[in-house]
Amino acid sequence: MKDENFLKANNARSLWHPMTAPADSLKNAPTIVTGAQGVRITDLDGHEVVDGVGGLWNVNLGYSCQPVKEAITAQLDRLPYYSIFRGTSNDCVIELAEELRTFFEPDGLTRAFFTSGGSDSVETALRLARQFHKIKGEAGRVKYLSLKKGYHGTHFGGASVNGNANFRTAYEPLLPGCHHIPAPYTYRNPFNETDPARLAQLCLAALEDEIAFQGAGTIAAFIMEPVLGAGGVIPPHESFMPGVEAVCRKHGILLIADEVITAFGRTGAWTGSRLWGVKPDFACTAKAITNGYFPFGAVMIAEGVAQVFESDASGKAAIGHGYTYSGHPVGAAAALACLAETKRLNVVENAAARGTQLYSGVKALMAKHDVIGDVRGGHGLMTAIELVADRDSKAAPDKTIPARVQEVAYRSGAMVRVSGPNIILSPPLVLTAADVDVILAALDAGFAAL
Ligand SMILES: Cc1ncc(COP(=O)(O)O)c(C=O)c1O
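The paragraphs below set out a description of the structure included in this document. (Residues numbered from 1 in each chain as written. Predicted model: local features only at pLDDT ≥ 70, side-chain atom pairs only at ≥ 80, totals over all residues.)

**Here we look at the nonpolar core**
- Among the nonpolar cores identified, the biggest contains 122 residues, and Ile 256, Phe 282 and Ala 334 are the most heavily contacted of them.
- Among the elements that line this core, the one with the most residues is helix α12 (residues 329-344), at nine residues.
- Summarising the domain contributions, this core has at least three residues from each of domain 1 (31-61 + 346-448) and domain 2 (68-344).
- In this view, Ile 256 contacts Ala 125, Ala 129, Ala 221, Phe 222, Ile 223, Pro 280, Asp 281, Phe 282 and Cys 284; residues no more than four positions away in its chain are not counted. (Core = buried A, V, L, I, M, F, W, Y, C linked by C-beta atoms within 7 Å. Buried ≥ 20, exposed ≤ 12 C-beta atoms within 10 Å, placed from the backbone. Helix = DSSP H or I, 4+ residues; strand = E, 2+ residues; numbered from the N terminus. Domains from an automatic or database assignment. Contact = placed C-beta atoms within 7 Å.)

This is the structure we're talking about:
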């Protein structure tokens, strides 16, 4: 490895970071992470902290998951790559598809289409949804509906259904025919409604209204995260996703659950759809499928949708979509080991218990620090703290405030993530009660330092 001075001096000289301005990277040195063990990361200066971010919502089993590491190295020795395009397959990916089928059977999802990550999975589901309708003779169903505040990755399809201008404006024009309805976000919504159940009904009414306006026969799919993540952790009322499912069924619209964050236990249920008792037509997964150790994803497909594709004799069901790394054997080996470990450790239980501890701990911080306007979470290890200039006006805080909290929290023992006015917490699902206390104490120090 190059020495410390070289790394610090050159970080932004020859690389552009995702999700920030190049000029900002040149001005502000990043934290250069050089090692990790368990749920802790270590930086170039040797400072060790609890990773309250869990990589990027993906390192669910922590950084020392030996079975996944061993599966990757063994597979690299045995078969480092082969494609699964027409005519070839590999042993690992066949076994993985069977395992995923069993895992997702309670969600009614019985086929897998493999991808290289979350954005790919979203793109795949959006495309297959249009194709489904074409096979069925409804070629006019091409539009997509989604939630404002939703995050669906950065491909053109995903950005088009995305509900946050930060990921859209610079790249417009996006895909035509994508329409958004208000998110069930009690803290801020156009209805000025703070009751979650009533807000869910208002958002469902807005969905019905948009469908009537667009014409149901023009809409291919509705896509949503079971708990909105990157948009600031927005858990809908329990009636919302089942309500969306019912509206979609009534109008022949497919339901895509974007489970890139929520699949594999993060919400305290094995999937976000299962948390709400919903059976989607597609579920997009990635991230924790390999514990973040290998870029990989899978779109899970409902039995009914699969039947339409598999029984087609017209040729319309030929899939003209896929990635060089679809079904990558090393990713598949990682996913197999990861799934086995996820089940063996029964991570849902710890995610639920530690999630409750973290959520109530952050709520206690709200009682102490006026800069906290809203705290969201309560479903596993997805928690957000929304900062405000003052609670009455709910005005956004000075832009430097979240970063200042983050900096002091980091010095006090925990990495937390800043996204706009939100501090987002999504630690590994295997963290202990003591680790949660470290995150809470570090945040407390961060707020106290303002
Ligand atoms: C819900 C959701 N969908 C899609 C994506 C995109 O995944 P990726 O960054 O792996 O392309 C993300 C990433 O955070 C996500 O949270």
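**Section: the sheet that holds strand β15 (residues 422-425)**
- An order of β11-β12-β15-β14 is seen for the four strands of this open sheet, with the pairing classed as antiparallel. Looking at which strands have only one partner, the edges of the open sheet turn out to be β11 (372-376) and β14 (417-419). Averaged over all pairs of adjacent strands, the angle between their axes in this sheet comes to 25°, without regard to strand direction.
- The strands touched by helix α13 (residues 347-368) are β11, β12 (383-387) and β15; relative to β11, the strand with the most contacts, the crossing angle is about 165°. (Pairing = 2+ DSSP bridges. Axes fitted to C-alpha atoms, helices over the stretch in contact; angles between N-to-C directions.)

**Points about the packing of helix α14 (residues 400-411) against helix α15 (residues 433-448)**
- Between α14 and α15, the least distance of the axes is 7 Å, while the angle of their chain directions is 135°. What the angle tells us is that α14 and α15 run oblique. You can see that α14 and α15 cross each other, and the crossing is right-handed. The segment α14 lies against α15, with Val 405, Gln 406, Val 408 and Ala 409 engaging Ala 442, Leu 443, Ala 445, Gly 446 and Phe 447.
- Along the lines of polarity and charge, the residues of the contact of α14 with α15 split into seven nonpolar, two polar and no charged. (Parallel < 35°, antiparallel > 145°, perpendicular 65-115°, else oblique. Left-handed = near helix turned anticlockwise from the far one by under 90°. Nonpolar A, V, L, I, M, F, W, Y, C, P; charged D, E, K, R; others polar.)

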